[in-house]
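Chain and residue survey
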Amino acid sequence: MSAHLPGRAPMHLPSRREAIARERAARRSPLAWLREIGIILLVAFCVSALLRAFIVQVFWIPSPSMADTLSVNDRISVSRISAWVGDVQRGDVVVFDDANGWLQPDESEGFAAFIRKIGEFSGFVPADGKQILVKRVIGLPGDRVECCSASNKVSVNGVEITEPYLPPGTIPSTISFDVVVPEGHVWVMGDNRSNSSDSRYHMPDDPNVITSTGSQNPFIPLSAIVGRANAVIWPSDHWRGLGDREVFASVPDPQ
């Protein structure tokens with residue numbers, strides 16, 4: 001038979017009322033508030049980073065090479081899923097890494113550049129577009145792309161293309177070319193043909209043989225495509241969907 005120590009009350013579990021009071025007191029603690037805010041921010045950061053990496057990412061347009069379809073400083077949403085599953089077709093507007101070295105190296109550095117990279121990685125800040133390009137896919141692997149035909153048009157696999165996305169009065173190309181796109185690559189052109197340094201401007205002596213490296217390779221690897229642009233989301237008066245696959249509907253598969 002047990003006996004209580006003299007002068008000490010028996011121990012017991014806290015009542016429900018006491019537990020609630022302690023929980024409320026803990027919630028009023030500044031440290032508890034900071035901990036909860038930190039957890040919320042961490043979860044939001046992780047979710048945003050996952051969305052950016054696998055589903056959708058926002059980019060801003062730094063140049064007029066895709067005018068009038070895209071204007072400088074437009075924000076576009078880009079589907080990462082399209083790149084993952086290989087859903088890239090003629091007429092798509094795509095964002096791709098500068099795998100061929102068409103652009104000058106980005107030499108930005110310092111704390112501001114570091115913070116921006118963190119923002120881009122998390123998805124809270126649009127990618128700045130310095131080392132990525134935005135163009136339209138004209139030729140897929142195996143396609144024969146030519147310009148210009150007797151009627152002054154681009155043709156793909158022998159079919160002339162009427163391109164409604166070109167600015168009024170724009171000539172499809174002032175540079176003649178006749179290329180066959182190699183496997184695993186695409187041929188891209190900007191909509192603002194007179195002000196777009198695209199595949200046409202990076203052709204070696206024989207564009208059908210990829211022997212050169214760097215800026216003299218006109219074909220973009222499919223592996224370099226970040227995703228397919230599906231909409232302009234900012235500014236609000238530029239809202240519109242992107243992509244003109246129907247323009248190429250009559251083009252046959254390459255032989």
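Here the structure is shown first, and the text comes after it.
Note that this is a predicted model, so its numbers are computed, not measured.

It is worth spelling out the overall build of the protein at this point. For the protein, the helix and strand inventory stands at four helices and twelve strands. Per-residue burial for the protein yields a buried fraction of 38% across its 255 residues. Counting only contacts in the protein whose residues sit at least 6 apart along the sequence, the fraction spanning at least 24 positions is 72%. Summed over its atoms, the accessible surface of the protein is roughly 15000 Å², and 60% of this surface lies on carbon and sulfur atoms.

Mapped onto the secondary structure, Arg90 falls in the loop between α3 (80-85) and β3 (93-97). Of the polar contacts made by the side chain of Arg90, one reaches the side chain of Asp143; its length is 2.7 Å. If we ignore the near neighbours within four places in the chain, the residues touching Arg90 are Val137, Ile138, Leu140, Asp143, Val156, Asn157, Asp244, Arg245, Phe248, Val251, Pro252 and Pro254.

Once that is clear, we can look at the packing of aromatic side chains. Evaluated as defined, the whole model comprises three aromatic pairs. With a centroid separation of 6.2 Å and 90 degrees between ring planes, the pair formed by Phe96 and Trp102 is classed as edge-to-face. For Trp102, a relative accessible area of 11% gives the class buried. Each ring, one from Phe177 and one from Trp187, has its centre 5.0 Å from the other, and the planes form 35 degrees; the classification is tilted. With Phe177 in strand β8 (residues 177-180) and Trp187 in strand β9 (residues 185-189), this pair connects stretches of sequence that are ten residues apart. Across the pair, Trp187 and Phe177 agree in class, each one buried.

What follows deals with the state of the cysteines. Evaluated as defined, the whole model comprises one disulfide. Bridging Cys147 to Cys148, the disulfide has an S-S length of 2.1 Å. An S-S torsion of about 50 degrees defines the bridge between Cys147 and Cys148 as right-handed.

Looking now at the side chain of Arg136. Turning to its location among the elements, Arg136 is positioned in strand β4 (residues 132-139). With a relative accessible area of 0%, Arg136 lands in the buried category. Within the local environment of Arg136, its side chain forms a polar contact with the side chain of Asp244, the two groups lying 3.0 Å apart.

With that settled, the discussion passes to the environment of Met203. Within the element layout of this structure, Met203 appears in the loop between β9 and β10 (220-221). C-alpha separation for the pair Met203 and Val179, spaced 24 residues apart in sequence, amounts to 9.6 Å. If we skip the residues at most four places from it in the chain, Met203 touches Ile175, Ser176, Phe177, Val179, Trp187, Gln216 and Pro218.

Criteria and thresholds
- Residues numbered from 1 in each chain as written.
- Predicted model: local features only at pLDDT ≥ 70, side-chain atom pairs only at ≥ 80, totals over all residues.
- Heavy atoms only, no water.
- Helix = DSSP H or I, 4+ residues; strand = E, 2+ residues; numbered from the N terminus.
- Buried < 20%, exposed > 50% of the residue type's maximum accessible area, 1.4 Å probe, protein only.
- Contact = heavy atoms within 4.5 Å.
- Areas by Shrake-Rupley, 256 points an atom, 1.4 Å probe, with all protein chains shown as cover.
- Polar contact = N/O pair within 3.5 Å; in protein donor to acceptor, adjacent residues only side chain to side chain.
- Phe/Tyr/Trp six-rings, centres within 6.5 Å; stacked < 30°, edge-to-face > 60°.
- Disulfide = S-S within 2.5 Å.

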